[in-house]
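# Observations on chain architecture
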Amino acid sequence: MQTFFNVVFNQTRRVASVVVIGAAAMGAAGQRDTAGGPIFPGPVFATGGGPRSVAIGDLDGDGAPDLAVANFSSNSVSVLLGNGDGSFQPRQDIATGGTPQSVAIGDLDGDGSLDLAVANNSSNTVSVHLGNGDGTFQPRQDLATGDFPYSVAIGDLDGDGAPDLAVANRGGFSPGNTVSVLLGNGDGTFQPRQDFVTGTSPQFVAIGDLDGDGTPDLVVANRGSASVSVLLGNGDGTFQPHQNFAAGLSPKSVAIGDLNGDGTPDLAISNESSNAIGLLRGNGDGTFQARQSFTINGLGPSFVAIGDLNGDGTLDLAVADEGGSVSVLLGNGNGTFQPRVDFAAGTTPRSVAIGDLDGDGTPDLAIANSSSNSVSVLLGNGDGSFQPRRDFATGNSPRSVVIGDLDGDGTSDLAVANSSSNSVSVLLGNGDGTFQPRQNFATGNSPRSVVIGDLDGNGTLDLAVANNSSNTVSVLLGNGDGSFQPRQDFATGSGPIFVAIGDLDGNGTLDLAVTTNSSNTVRVLLGYGDGTFQLHRDFAVSGPPLSVAIGDLDGNDAPDLVIVNSFITSATVSVLLNQRIATPCPANYNRTGDEGDIIDFLDFMDDFGSCTNLPAPCGQFGNPDINGDTIVDIVDFLDFIDAFAQGC
């Protein structure tokens, strides 16, 4: 069974939920797709109401990771036991205290099986659920904390070998604005809490050795005082008075790690109100340098492109910002980025593309400006900076721009989808960063996205355009000279807004993946190789989806899909891992439509024995030419056995 993970990010909560999708394409839940295309799963795994936090651990001792989810609204923790393939059994709900906000996993009683600790915000307790080793849990023990506990962490705070608890109490009343430490007895019971003062409204606590003395310390994110509190441990479960370090507005969570490779732990803080990540570099003695802020977005980021903009071998970001600029964030090579530098674009930039537009070997930028009906070209200097823009006229309300050699002259050209004029503008490049006047080609209504690829296999580039109002994707086959044949429209379902190209079924021809804003699905149109496409197949996401990207994320040589879902209703990223099944599927070999069984196997073996080394089609029960090369041989036998063994 193929699975994908739908990881949920929420602007107002540290973690809202993790949904794991598995097993079936939409419209055929629980059944395999035997048509030979990509297999994308559909159903989600339900939790209780208002999931706020998730932890991962092997709760039943079978070697497969399981999930524990704290459900704020239903006063429960959901346990989803893993099957080992990324799918999960139906949840088991365990009662907690009131409005649980956080869950942590650890062996609290030393019996070798994992237990749960849950911070209950409205009942001012932490619930301890001792595990039985099979994924079930004993009735909870409730332990008193401070006021409004919001986060719980597990670690050996007094060095006795038994795990202890640290709980951040958001406060408001006494004893609020504290972290409670509950020292463990090693048998799943705990001593009465000791409270240590923090900053205002602590919402998250993490444990680590911040001063290098071998004893664990605490760091607490204080949302109300815009700080993090560091409490250095004495090694006996007590802590020194807190030191506060400025952390930026509304710190929601904090993580500990060596972010700059100097061997000392640093802090990374999420700042809700400023849309930023704060970094505090550690000095190694429990103190920290002044905060560095990495802005996540500007006034209205609408599109991001990735490329090596300064030639240092590391990837950088270019972000189209609807405030009238493109932001460039140069990468440090370790997953962090330098502060953004903004370059002026036209009015309301909606899309950015990276490519060498003037033939000097350095990447340049092209930006589609929706309100100024233009595309801005910023030629790169090779060091991550760019020359002032030059604007070239497009159709009305350009929403998407892509770069490719559309006329085969070896220079880069532009294709721009114009939402209000129902066209795509093609601007042929002169090779020096300037462009000829646009040629407009008709699309469907309200085109939102355009991509380039050889859709008919003739060696020239073609265009695919997602038309939001006409519920189609238009395919414009290229003539090789920068002109295009009249469009062919293919149905997508209501409201397509983004299209991507890739070979999703592994047959050597390009396919389309389309997101639509009216349903929680991504739609796949498999190509025939001549520029025409099959009817779309739908695969569930958390949606509504806004955009889709294609790439091999799990190293199985099959392209996967990454979908960004609407921040208004979902604020998620869905990852759909692709599993290909050999075609035709043995489950349908004898054309009865049943699942693969011994009858299918025997039918194939009879046909293979009588047709070996003969031209296809040949066979009494079906066509044993599994790989479609018109000859029945040992390769077909091996393909059949492989797919049959997979349960196809």
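## With respect to the overall build of the chain
Helix and strand content of the chain: 2 helices and 47 strands. By residue count, 53% of the 648 residues in the chain fall in the buried class. By sequence separation, contacts in the chain at least 24 residues apart represent 41% of the contacts at least 6 residues apart. For the chain, the accessible surface area stands at approximately 24900 Å², while carbon and sulfur atoms represent 51% of it.

## Notes on the sheet that holds strand β13 (residues 164-169)
Read across the open sheet, the 4 strands follow the order β12-β13-β14-β15; overall the sheet is antiparallel. On the outer flanks of this sheet lie β12 (149-155) and β15 (194-197), each paired with one strand and no other. Taken over all neighbouring pairs, the strand axes of this sheet differ in orientation by 25 degrees on average, direction set aside. Of the strand pairs in this sheet, β12 and β13 are connected by 6 bridges, and their pairing is antiparallel. For G155, the partnering residue across the bridge sits in β13 and is D164.

## Comments concerning the environment of I403
Looking at where I403 falls in the secondary structure, it is placed in strand β32 (residues 398-404). What I403 contacts, discounting residues up to four positions off in sequence, is A353, I354, G355, L357, A366, S412, D413, L414 and I452.

## Focus on the pattern of salt bridges
A side chain with one charge may pair with a side chain of the opposite charge, provided their charged atoms come close. By the definition in use, this model includes 7 salt bridges. In this structure, the salt-bridge partner of D195 is R193, at a minimum N-O distance of 2.8 Å. On the basis of relative accessibility, which here comes to 31%, the residue D195 falls in the partly exposed class. Look at R193 and you get partly exposed, because its relative accessible area is 31%. For the salt bridge of D489 with R487, the shortest nitrogen-to-oxygen distance reads 2.8 Å.

## Some remarks on the environment of Y150
Tracing the sequence through the fold places Y150 in strand β12. For the pair Y150 and A168, spaced 18 residues apart in sequence, the C-alpha separation works out to 5.7 Å. Setting aside residues up to four positions removed in sequence, Y150 forms contacts with R52, Q101, S102, A119, N121, A168, R170, P202 and Q203.

## Focus: the sheet that holds strand β30 (residues 374-378)
Strand order in the open sheet formed by 4 strands is β28-β29-β30-β31, with antiparallel pairing between adjacent strands. At either margin of the open sheet sits one strand with a lone partner, and together these are β28 (349-355) and β31 (390-393). On average, each strand axis in the sheet is tilted by 25 degrees relative to the strand beside it, whichever way the strands run. Where β28 meets strand β29 (residues 364-369), 6 bridges bridge the pair, whose relative direction is antiparallel. The partner of I354 across the bridge, within β29, is L365.

## Some remarks on unusual backbone geometry
Residue N422 is not a glycine yet carries a positive backbone phi of 55 degrees. Along the chain, N422 falls in the loop between β33 (413-418) and β34 (423-427). In this model, S446 sits at a positive phi of 55 degrees, which is unusual for a non-glycine residue. Structurally, the position occupied by S446 is in the loop between β35 (439-442) and β36 (447-453).

## Quick notes on the nonpolar core
Side chains that are nonpolar tend, in soluble globular proteins, to be buried together. The biggest cluster of nonpolar side chains holds 15 residues, and the ones touching the most others in it are V219, V228, V254 and L267. Those elements that provide at least two residues to this core are β16 (202-208), β17 (217-222), β18 (227-231) and β21 (266-271). Among residues more than four places away in sequence, those in contact with V228 are V219, V220, A221, N222, Q243, N244, F245, A247, L267, I269 and L280.

## Observations regarding the packing of aromatic side chains
Within the structure shown, the criterion is met by 6 aromatic pairs. Summarising the aromatic geometry, the rings of F343 and F386 are spaced 5.4 Å apart at their centres and angled 80 degrees between planes, so their arrangement reads as edge-to-face. Here F343 is found in strand β27 (residues 341-344), whereas its partner F386 is found in the loop between β30 and β31, with 43 residues between them in sequence. Across the pair, exposure class does not vary: F343 and F386 are buried alike.

## Here's the deal with the environment of S446
A relative accessible area of 11% means that S446 is categorised as buried. Taking the C-alpha atoms as reference points, S446 and N418, 28 residues apart in sequence, are found 7.3 Å from one another. Look past the residues within four positions of S446 in its chain and what remains in contact with it is S419, N422, A466, N467, N468 and S469.

## Details of the side chain of Q101
Tracing the chain through its elements places Q101 in strand β8 (residues 100-106). Residue Q101 is classed as buried on the basis of its relative accessible area of 6%.

## A look at the side chain of S325
Take S325: it is sitting in strand β26 (residues 325-329). The buried category is assigned to S325, whose relative accessible area is 14%.

## As for the pairing of β8
Of all 7 residues that make up β8, 6 are buried, and the element is covered over most of its length. Two strands pair when backbone bridges link them, and β8 and strand β9 (residues 115-120) are joined in this way by 6 bridges, in the antiparallel orientation. Residue pairing for β9: A104 is matched across the bridge by A117.

## As for the pairing of strand β4 (residues 51-57)
Regular strands have side chains that alternate between both faces of the sheet. In terms of burial, β4 is a largely internal element, 5 of the 7 residues being buried. In terms of strand pairing, β4 meets strand β5 (residues 66-71) through 6 bridges, oriented antiparallel. Bridge assignment links V54 to a residue of β5, and that residue is V69.

## Comments concerning the confidence of the model for the chain
Summing up the model confidence of the chain, the mean pLDDT is 82 and the portion of residues at 70 or higher is 83%. Looking across the chain, the model is least confident in strand β1 (residues 3-8), with a mean pLDDT of 28, and most confident in strand β10 (residues 125-129), with 97.

About the criteria used
Residues numbered from 1 in each chain as written. Predicted model: local features only at pLDDT ≥ 70, side-chain atom pairs only at ≥ 80, totals over all residues. Heavy atoms only, no water. Helix = DSSP H or I, 4+ residues; strand = E, 2+ residues; numbered from the N terminus. Buried < 20%, exposed > 50% of the residue type's maximum accessible area, 1.4 Å probe, protein only. Contact = heavy atoms within 4.5 Å. Areas by Shrake-Rupley, 256 points an atom, 1.4 Å probe, with all protein chains shown as cover. Pairing = 2+ DSSP bridges. Axes fitted to C-alpha atoms, helices over the stretch in contact; angles between N-to-C directions. Salt bridge = Lys/Arg side-chain N within 4 Å of Asp/Glu carboxyl O. Core = buried A, V, L, I, M, F, W, Y, C linked by side-chain atoms within 4.5 Å. Phe/Tyr/Trp six-rings, centres within 6.5 Å; stacked < 30°, edge-to-face > 60°. pLDDT = per-residue confidence, 0-100.

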